[in-house]
Amino acid sequence: MSPPASDYALEVVNLNKAFGGLSVTHDVSLAIRPGERRLIIGPNGAGKTTLFNQISGDMRPNSGAIKLFGTDVTRFKPYTRAHLGMSRTYQIITLFTGDTLEHNVTLGLLGLRTSRWQMWRPLSYYGDLATQARRTLDAVGLLHLAERPISDIAYGEKRRVELAMALAQRPRVLLLDEPLAGLSNTERSQVKSLIASIPRDTTVIMIEHDMDTALDLAETVTLLNYGRVIVDGDREAVIADERTREVYLGA
Amino acid sequence: MKWIAAAVLTVVLALLPFLAGDFYVNLASQILIAALFALSLNLLVGYGGMTSLGHASYLGVAAYVCALLTSRYEFGHGPAAVISLAGTTAMAAFFGLLALRATGLGFLMITLALSQVLWGLAYRMSGVTNGDNGIAGLTRPRPFGVSLDNAASFYWFSLIVTSFAFLLMTIFVSSSFGSSLRGVRDQPRRMAALGFNPWMIRWITFIYAGFWGGVSGLLYVYYNKYIHPTSLSITSSAEALLGVIAGGSGTLGGPAVGAALVLLLKNYASAYIERWNMLLGLVFLFIVLVMPTGIVPGLGRLATAVRRGSR
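These numbers come from a predicted model, not from an experiment. (Residues numbered from 1 in each chain as written. Chains lettered and ligands numbered in written order. Predicted model: local features only at pLDDT ≥ 70, side-chain atom pairs only at ≥ 80, totals over all residues.)

Details of the overall build of chain A
Then comes step 1: Per the secondary structure count, chain A includes 9 helices and 10 strands.
Then comes step 2: Over its C-alpha trace chain A gives a radius of gyration of 18 Å, about what one expects of a compact globule, namely 18 Å for 251 residues.
Then comes step 3: Viewed in the frame of its principal axes, chain A has a C-alpha envelope of about 55 × 45 × 35 Å.
Then comes step 4: Within chain A, the fraction of its 251 residues that count as buried is 44%.
Then comes step 5: Here the analysis covers contacts within chain A between residues at least 6 apart in sequence; of these, 68% occur between residues at least 24 apart. (Helix = DSSP H or I, 4+ residues; strand = E, 2+ residues; numbered from the N terminus. Rg over C-alpha atoms; globule rule 2.2 N^0.38 Å. Buried ≥ 20, exposed ≤ 12 C-beta atoms within 10 Å, placed from the backbone. Contact = placed C-beta atoms within 7 Å.)

Structural notes on the overall build of chain B
Then comes step 1: Along its length, chain B carries 15 helices and 0 strands.
Then comes step 2: Taken over the C-alpha trace, chain B has a radius of gyration of 19 Å; the compact-globule value for 311 residues is 19 Å, and the two agree within 12%.
Then comes step 3: The principal-axis extents of the C-alpha atoms in chain B amount to approximately 60 × 50 × 40 Å.
Then comes step 4: Residue burial in chain B is summarised as follows: out of 311 residues, 48% are buried.
Then comes step 5: Considering only contacts within chain B whose residues lie at least 6 apart along the sequence, 73% involve residues at least 24 apart.

Some details on the environment of Gln30(B)
Residues and elements named next belong to chain B.
Then comes step 1: Within the fold, Gln 30 resides in helix H3 (residues 22-48).
Then comes step 2: Judged by C-beta crowding, with 21 C-beta atoms within 10 Å, Gln 30 ranks as buried.
Then comes step 3: Remark: the alpha-carbon pair of Gln 30 and Gly 294, spanning 264 residues in sequence, is separated by 22 Å.
Then comes step 4: Setting aside anything within four residues of it in sequence, one finds Gln 30 in contact with Tyr 223 and Leu 263.

Some words on the sheet that holds strand E6 (residues 86-88) of chain A
Residues and elements named next belong to chain A.
Then comes step 1: Here 6 strands make up an open sheet; going across it, the order is E6-E7-E8-E3-E9-E10 and the pairing mixed. This sheet does not close on itself; its edge strands, each paired only once, are E6 and strand E10 (228-234). With direction set aside, neighbouring strand axes in the sheet form an average angle of 15°.
Then comes step 2: Taken together, the 5 bridges between strand E7 (residues 173-177) and strand E8 (residues 203-207) define a ladder with parallel strand orientation. Bridge pairing in E8 links Val 173 to Thr 203. (Pairing = 2+ DSSP bridges. Axes fitted to C-alpha atoms, helices over the stretch in contact; angles between N-to-C directions.)

Quick notes on the domain arrangement of chain A
Residues and elements named next belong to chain A.
Then comes step 1: Taken as a whole, chain A is organised into domain 1 (1-85 + 171-251) and domain 2 (99-169).
Then comes step 2: On a C-alpha basis, the centres of domain 1 and domain 2 stand 26 Å from each other.
Then comes step 3: With 13 residues of domain 1 in contact, the opposing surface of domain 2 contributes 12 residues.
Then comes step 4: Of all the secondary structure elements, the ones that give two or more residues to the side of domain 1 that touches domain 2 are helix H2 (78-83) and helix H6 (185-196).
Then comes step 5: A total of 4 residues in the side of domain 1 that touches domain 2 trace back to one element, the largest contributor, which is H6.
Then comes step 6: Its residues placed into classes, the side of domain 1 that touches domain 2 shows 8 nonpolar, 4 polar and 1 charged. (Domains from an automatic or database assignment. Nonpolar A, V, L, I, M, F, W, Y, C, P; charged D, E, K, R; others polar.)

Section: helix H4 (residues 127-139) of chain A
A turn of α-helix holds 3.6 residues, and therefore any two residues three or four places apart point the same way.
All names here are of chain A.
Then comes step 1: Counted at 1.5 Å a residue, the expected span for H4 with its 13 residues is 18 Å, and the 19 Å between its end C-alpha atoms agrees.
Then comes step 2: Buried residues of H4: Leu 129, Ala 133, Thr 136 and Leu 137, and no others. The buried residues of H4 occupy an angular sector of 100° when the element is viewed end-on, so they sit on one face. With respect to the buried face of H4, the exposed residues turned more than 90 degrees away are Gly 127, Asp 128, Thr 131 and Arg 135. (Expected span 1.5 Å × (residues − 1). Arc of directions from axis to C-beta.)

Describing the interface of chain B and chain A
Then comes step 1: The interface is formed by 19 residues belonging to chain B together with 25 residues belonging to chain A.
Then comes step 2: Here the element with the most residues in the side of chain B that touches chain A is helix H9 (residues 176-186) of chain B; it accounts for 6 residues.
Then comes step 3: Looking at the side of chain B that touches chain A residue by residue, the classes come out as 7 nonpolar, 9 polar and 3 charged.

Quick notes on the sheet that holds strand E5 (residues 71-72) of chain A
Residue and element names in this part refer to chain A.
Then comes step 1: Read across the open sheet, the 4 strands follow the order E2-E1-E4-E5; overall the sheet is antiparallel. Lying at the two open borders of the sheet, with one neighbouring strand each, are strand E2 (22-32) and E5.
Then comes step 2: Bridge analysis of strand E1 (residues 10-19) against E2 gives 7 bridges, and the strand direction is antiparallel. Note that in E2 the partner of Val 12 across the bridge is Leu 30.
Then comes step 3: Against the sheet, helix H1 (residues 48-56) contacts E1, E2 and strand E4 (63-68), and its axis sits at roughly 60° relative to E2.

Concerning the packing of helix H12 (residues 234-247) of chain B against helix H13 (residues 254-272) of chain B
Residue and element names in this part refer to chain B.
Then comes step 1: Look at H12 against H13: their axes get within 7 Å of each other, and the N-to-C directions meet at 125°. In terms of orientation, H12 lies oblique with respect to H13. Remark: the crossing between H12 and H13 carries right-handed chirality. Each of Glu 239, Ala 240, Leu 242, Gly 243, Val 244, Ile 245, Ala 246 and Gly 247 in H12 lies in contact with H13, whose residues at this interface are Gly 254, Pro 255, Ala 256, Val 257, Gly 258, Ala 259, Leu 261 and Val 262.
Then comes step 2: Residue classes in the contact of H12 with H13 are distributed as 11 nonpolar, 4 polar and 1 charged. (Parallel < 35°, antiparallel > 145°, perpendicular 65-115°, else oblique. Left-handed = near helix turned anticlockwise from the far one by under 90°.)

Some thoughts on the nonpolar core
Then comes step 1: Ala164(A), Ala35(B), Leu36(B), Ala38(B), Ala63(B), Cys66(B) and Ala259(B) are the most contacted members of the largest nonpolar core, which totals 154 residues.
Then comes step 2: The element contributing the most residues to this core is H3(B), with 16 residues.
Then comes step 3: Apart from residues no more than four positions distant in its own chain, Ala38(B) is found in contact with Ala240(B), Gly243(B), Val244(B), Pro255(B), Ala256(B), Gly258(B) and Ala259(B). (Core = buried A, V, L, I, M, F, W, Y, C linked by C-beta atoms within 7 Å.)

Digging into the environment of Val231(A)
Then comes step 1: If you trace the backbone, Val231(A) turns up in strand E10.
Then comes step 2: Residues in contact with Val231(A), not counting those within four places in the same chain, are Leu223(A), Val238(A), Asp241(A), Arg243(A) and Thr244(A).

A word on the environment of Leu285(B)
Then comes step 1: The residue Leu285(B) is located in helix H14 (residues 276-290) in this model.
Then comes step 2: Once the C-alpha coordinates of Leu285(B) and Ala246(B) are considered, the two residues, 39 residues apart in sequence, prove to be 9.3 Å apart.

Some points on the pairing of E7(A)
All names here are of chain A.
Then comes step 1: Within E7, 5 of the 5 residues are buried, leaving the element largely enclosed by the surrounding structure.
Then comes step 2: Neither face of E7 is open: one carries Val 173, Leu 175 and Asp 177, the other Leu 174 and Leu 176, and all of them are buried.
Then comes step 3: Of the pairings in the sheet, the one linking E6 to E7 comprises 3 bridges and is parallel in character. The residue bridging Met 86 from the neighbouring strand is Val 173, located in E7.
Then comes step 4: Chirality of the crossover, the property in question, places the unit of E7, H6 and E8 among those that are right-handed. (Right-handed = clockwise from strand over helix to strand, strands pointing away.)

As structure tokens, then:
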């Protein structure tokens, strides 16, 4: 399938979502270019994760459209979006706790292959999956823990496994929901350089509270508040904007 | 190593008729049938995280269809077996469409409701099913001309079928599809985000479990040469579920051990106490308190602890 040509990796057009009377996404529009690093900021309850959940397909918007490289994916299931090149991580760590790190990353790889339906060959038959999983774990600096179950490793390491699972898929659009949440300073700089090293053929959209770290990674910033886009644009312009200070930086 | 152990176990089991009388051989056949039924349910409960309280539907429907075809419509056993398995599998596909609209408790209630409908039909549609009288006077098949009418030959037949089923189910859960299934059980949302279709994975498993439930139903009706609506009852579903949980859901051998336990309790305890269900309840309570993950994982942990302690 060849998607229609588009200038944007991800387009969100007039998106609306309400829970009962509470409007959590209000007429949100975003246009993100291929390779762009976009940071989404906003106070707690601004609707950042809800927006992500609609983009990834976990949640249906009430109205509006989501386009991935020009393809309207608004009504697509999450797994269809994954096959079109979208990948995400979660704010609350969502891993397979009983399984090894290698198995976790392998599942990420398996999800995009037809062998996920294979009913008589074990996962270990596909040696290239394990090799690739280990390569990805090496990239996030966790190769030495590959055989350990998730329940054995530290929180900061779990955060990196979250990233590894998404990165292993070589997504075209990567959604990172607070990848730095709850990390120590050392871990923070590790994950930061990891995110900085993501190749440019991946578009990165990131929700993050830690402005000091996140602003370094971002080129463009979107500020959300009460489900609305307040300011949207280049990093410097958004930082300088008075409304940003008002809403977020607590002036 | 595991394969060797399984092969040794199969050989030992095959020798049973030379060591024990007909009573015990028949009991062993019943255990095999109950084990196969529990193993098929375990695909749903243990590996898929889909707790069903209606799995007797597949056992009962396969048994009834086979009974009707062979007794009333004078089908041979071969075609009757094929038709009843195909029918049961198709029914599982349809029931799956209905039940998998929900997960968790909703799923459990839908499976229960569907099986209660079948149970009610078996009782009330007496023109077809002969109602509460059941269908009696059935025969056993003669595969390759071998009579299965004595205890030993039927036991060996059941052992072959159950071992083969166990092997195929083991391959199924160990496959990469099996990995997808366990992933969907543990983190359905993440799996969907990774590109897996959770619904389809569950549905396929539901159908596969229904098929093996049907196979156990055939063995059941061959063994008893009789079928009654109780085979479709909630008690029948619940006993299997009890066996799965007691033995260890999501383990390969656990459900077989659990099913054997339930069946033995039923057979022995009921000879001494009328309220054997109470005893079953107490045993189950004991297992849940002492080995919450089931007998097989519990004993495994115990063995590890003993080995560590003796060092």
